[in-house]
Amino acid sequence: MEQPSKKRPNSQKFWDSEYKEGGHLALSTEESEDLVKFTRFLEREFKRKYLNPLVSVLDLGCGNARNLIYLAQTFGIRGVGYDISSQAISQARKASEGLPLTYAVHSIGDPVPLPDSSQTIVLDMMTSHFLNAEERVNLMNEIKRVLKPGGWIFFKTFLLDEDNHAMRLLRDHPADEPGSYIHPKIGVAEHVFTEAEIMEMLGDEFYVHKVTKSHRHKAHGSGAKRRSISVYAQKEG
């Protein structure tokens, strides 16, 4: 029996198709509930210190910019959004008219074209798990570089710990590196993190204020829900 290819597919065509025609994923234009929870945490703990018009936010994999638009409209925050999909960026620009937001078609696996210590918040929400191991390391180094001392990363991704569905995907549809698989429905490579892996990735440069995890998922059906983890981490200094 011929073995399925473990090669990591190019995801740009997939995302352009999703934003143009849809079909696989439900792409909302409403702000993420998880982002709203993050802003409530910042406001509760620090008032508007990190939520004001002097703040700049970098959204990695911004999609249609639903989260940047929320931050700009609610707090007056400036923002920069990158996405690999030209269709997504086109939608983002159209929806952001009059707001202090800029966008570029850009792979987050490449160097971030922003100055050192220029961003107060970086959003990596269900995005960097599409990168390979080398790209993930490079991106985290770039995040650390562009964040101001005392700046924040809101990191949300898939969690491997106690997720049977993720373990089965790794077993049945392996990609070209440990901890990654080729998604059987959408045909793109995804990496699934352990909590320990995330903490090691953040390293000593960050203080982790809060970690939240979705419920454990033990279901065996093909449509089983994935487990996720959200991390609020502040750059030391």
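Predicted, not measured: the structure shown is a model, and the values here were computed from it.

Calculation rules
Residues numbered from 1 in each chain as written. Predicted model: local features only at pLDDT ≥ 70, side-chain atom pairs only at ≥ 80, totals over all residues. Heavy atoms only, no water. Pairing = 2+ DSSP bridges. Helix = DSSP H or I, 4+ residues; strand = E, 2+ residues; numbered from the N terminus. Axes fitted to C-alpha atoms, helices over the stretch in contact; angles between N-to-C directions. Contact = heavy atoms within 4.5 Å. Salt bridge = Lys/Arg side-chain N within 4 Å of Asp/Glu carboxyl O. Buried < 20%, exposed > 50% of the residue type's maximum accessible area, 1.4 Å probe, protein only. Phe/Tyr/Trp six-rings, centres within 6.5 Å; stacked < 30°, edge-to-face > 60°. Lys NZ or Arg CZ within 6 Å of the ring centre and 35° of its normal. Right-handed = clockwise from strand over helix to strand, strands pointing away. Parallel < 35°, antiparallel > 145°, perpendicular 65-115°, else oblique. Nonpolar A, V, L, I, M, F, W, Y, C, P; charged D, E, K, R; others polar.

A. Representation of the sheet that holds strand β1 (residues 56–60). Across the sheet, which stays open at both edges, the seven strands sit in the order β3-β2-β1-β4-β5-β9-β8 with mixed pairing between neighbours. The open sheet terminates on both sides in strands that have one partner only, identified here as β3 (101–105) and β8 (206–213). In this sheet, neighbouring strand axes are inclined to one another by 15° on average, regardless of whether the strands run parallel or antiparallel. The pairing of β1 with strand β2 (residues 78–83) spans five bridges and is classified as parallel. Bridge pairing in β2 places Leu58 opposite Val80. Each of β2 and β3 touches helix α4 (residues 86–95); the most contacted strand, β3, lies at about 165° to it.

B. Structural context of the pattern of salt bridges. Enumeration over the complete set of coordinates arrives at 12 salt bridges. Within this structure, Asp116, Glu142 and Arg145 form a network of salt bridges that share partners.

C. Spatial organisation of helix α3 (residues 66–75). Burial of α3 is extensive: seven of the 10 residues sit out of reach of the surface. Those residues of α3 hidden inside the fold are in contact with α2 (33–46), β1, β2, α4, β3 and β4 (119–125). With its phi angle positive at about 75°, Gly76 sits one or two positions after the end of α3.

D. Representation of the packing of aromatic side chains in the model. Scanning the model with the defined rule gives 11 aromatic pairs in all. When the ring of Phe38 is compared with that of Phe154, the centres are 5.0 Å apart and the planes differ by 15°; the resulting orientation is stacked. Of this pair, Phe38 sits in helix α2 while Phe154 sits in strand β5 (residues 147–158), and the two are 116 residues apart along the sequence. Between Tyr70 and Phe75 the ring centres are 6.1 Å apart and the planes differ by 90°, which places this aromatic pair in the edge-to-face class. In this structure Phe75 comes out as buried when scored by relative accessible area, which is 7%. Here the guanidinium or amino end of Arg226 rests over the ring plane of Phe158, the centre of that ring lying 4.2 Å away.

E. Main features of the pairing of β5. Here β5 lies mainly inside the structure; 10 of its 12 residues are buried. Of the strand pairs in this sheet, β4 and β5 are connected by six bridges, and their pairing is parallel. Each residue of the ladder has a partner; that of Met125, found in β5, is Lys156. The handedness of the β4 to β5 crossover, carried by helix α5 (residues 133–146), is right-handed. Inspection of the sheet shows β5 paired to strand β9 (residues 228–235) by seven bridges, in the antiparallel sense. From the neighbouring strand, Phe158 faces β9, where its bridge partner is Ser228.

F. Fine view of the packing of α5 against helix α7 (residues 195–202). Where α5 contacts α7, the axes come no closer than 10 Å and their chain directions differ by 50°. Comparing the axis directions of α5 and α7 gives the class oblique. Of the residues in α7, those in contact with Arg136, Met140 and Lys144 of α5 are Glu197, Met201 and Leu202. Here the residues of the contact of α5 with α7 sort into three nonpolar, no polar and three charged.

G. Fine view of the environment of Met199. For Met199, the location among the structural elements is in helix α7. C-alpha separation for the pair Met199 and Val231, spaced 32 residues apart in sequence, amounts to 9.4 Å. If we skip the residues at most four places from it in the chain, Met199 touches Val208, Val211 and Val231.

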